[in-house]
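Chain and residue survey
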Amino acid sequence: MPYTKEITLPEGYTFRRLEKSDYNNNYRETLQVLTTVGEISESKFNDLFENWNALPNIFHPHVITNEQGKVVATGMLFVEKKLIHECASLGHIEDISVAKSEQGKKLGYSMIVGLTKVAQQQECYKVVLDCSPHNVGFYEKCGYGNGGNNMYIKF
Ligand code: ACO
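All figures in this text were calculated on a predicted structure; none of them were measured in a lab. (Residues numbered from 1 in each chain as written. Predicted model: local features only at pLDDT ≥ 70, side-chain atom pairs only at ≥ 80, totals over all residues. Heavy atoms only, no water.)

What about the pairing of strand E2 (residues 59-65)?
Within E2, 7 of the 7 residues are buried, which leaves the element mostly enclosed by the surrounding structure. Of the two faces of E2, the one holding Phe 59, Pro 61, Val 63 and Thr 65 and the one holding His 60, His 62 and Ile 64 are both buried throughout. Looking at chain direction, strand E1 (residues 14-17) and E2 are connected through 4 bridges and run antiparallel. What sits directly across from Arg 17, in E2, is His 62. Across 7 bridges, the pairing between E2 and strand E3 (residues 71-81) is antiparallel. Its bridge partner lying in E3, Ile 64 is registered against Ala 73. (Buried < 20%, exposed > 50% of the residue type's maximum accessible area, 1.4 Å probe, protein only. Helix = DSSP H or I, 4+ residues; strand = E, 2+ residues; numbered from the N terminus. Pairing = 2+ DSSP bridges.)

Structure follows, in structure tokens:
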């Protein structure tokens, strides 16, 4: 099915891939809106960044920056290479977070649209994500359907 939605960012805002320098550019602080980030040293961040960058077709960490170049939204597309459907690729969207002061400006929407377009460029046959019931309406506005239950086990 064609995905016709478009990124709609305010003037001066940018959707782009995560950069190493974002360690000191409000990336961790923005993610804290979603959940606990904890103490992450710069070297730990750099190791993870190199890990993601070594597999550029798998990991697609993205941010939206404001007119000052500061990170104000985060999101990750992870592309799983599967055996089924003739070795098809399945996209997973994770870690969507918009800075509190920037919510309501369509940044979350633009992040989802942007990541979905990356998934299409990566020839994913489907993109999936888990969310709380209170965010279902948001994802529906981004063009996603409600696929049912989310099961998990925590360690
Ligand atoms: N329920 C229903 N509709 C919503 C919700 C919601 N929770 N949040 C936003 N919307 C609507 C908006 O009203 C808007 O509608 P409109 O087009 O008719 O005007 C549309 O969805 C787009 O909203 P945005 O302005 O893009 O929303 P925002 O930038 O505030 O981002 C988000 C939404 C990501 C949920 C943000 O509020 C946030 O970061 N919340 C805290 C962290 C979080 O819950 N992240 C998602 C976790 S799930 C995951 O990571 C896969």
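That covers the picture; the talk isn't over yet.
Observations regarding the UniProt feature "domain: N-acetyltransferase" (unreviewed entry) in the protein
Per the UniProt annotation, the sites labelled "domain: N-acetyltransferase" (unreviewed entry) are residues 13-155. Helix makes up 30% of residues 13-155 and strand makes up 26%, while its end C-alpha atoms are separated by 38 Å. (UniProt positions renumbered as here; feature names shortened; annotations may be inferred.)

A few points about unusual backbone geometry
Working note: non-glycine residues mostly have negative phi, and peptide bonds are mostly trans. Residue Glu 86 is not a glycine yet carries a positive backbone phi of 60°. Mapping Glu 86 onto the fold places it in helix H3 (residues 84-87). Glu 86 sits in the exposed class, given a relative accessible area of 79%. A positive phi angle, near 60°, is found at Cys 87, a position not held by glycine. Locating Cys 87 in the fold gives a position in helix H3. Owing to a relative accessible area of 53%, Cys 87 belongs among the exposed residues under this scheme.

Quick notes on the nonpolar core
Among the nonpolar cores identified, the biggest contains 24 residues, and Ile 64, Leu 77, Ile 93, Ile 96, Leu 107, Ile 112 and Tyr 144 are the most heavily contacted of them. When residues of this core are traced back to their parent elements, those giving at least two are E3, strand E4 (89-98), helix H4 (107-121) and strand E5 (124-128). No other element matches the 8 residues that H4 contributes to this core. Those residues in contact with Ile 93, other than ones at most four positions away along the chain, are Met 76, Leu 77, Ile 112, Leu 115, Thr 116, Val 127, Val 128, Leu 129 and Tyr 144. In this structure, Leu 18, Ile 58, Val 63 and Met 76 belong to the second largest nonpolar core, which totals 12 residues. (Core = buried A, V, L, I, M, F, W, Y, C linked by side-chain atoms within 4.5 Å. Contact = heavy atoms within 4.5 Å.)

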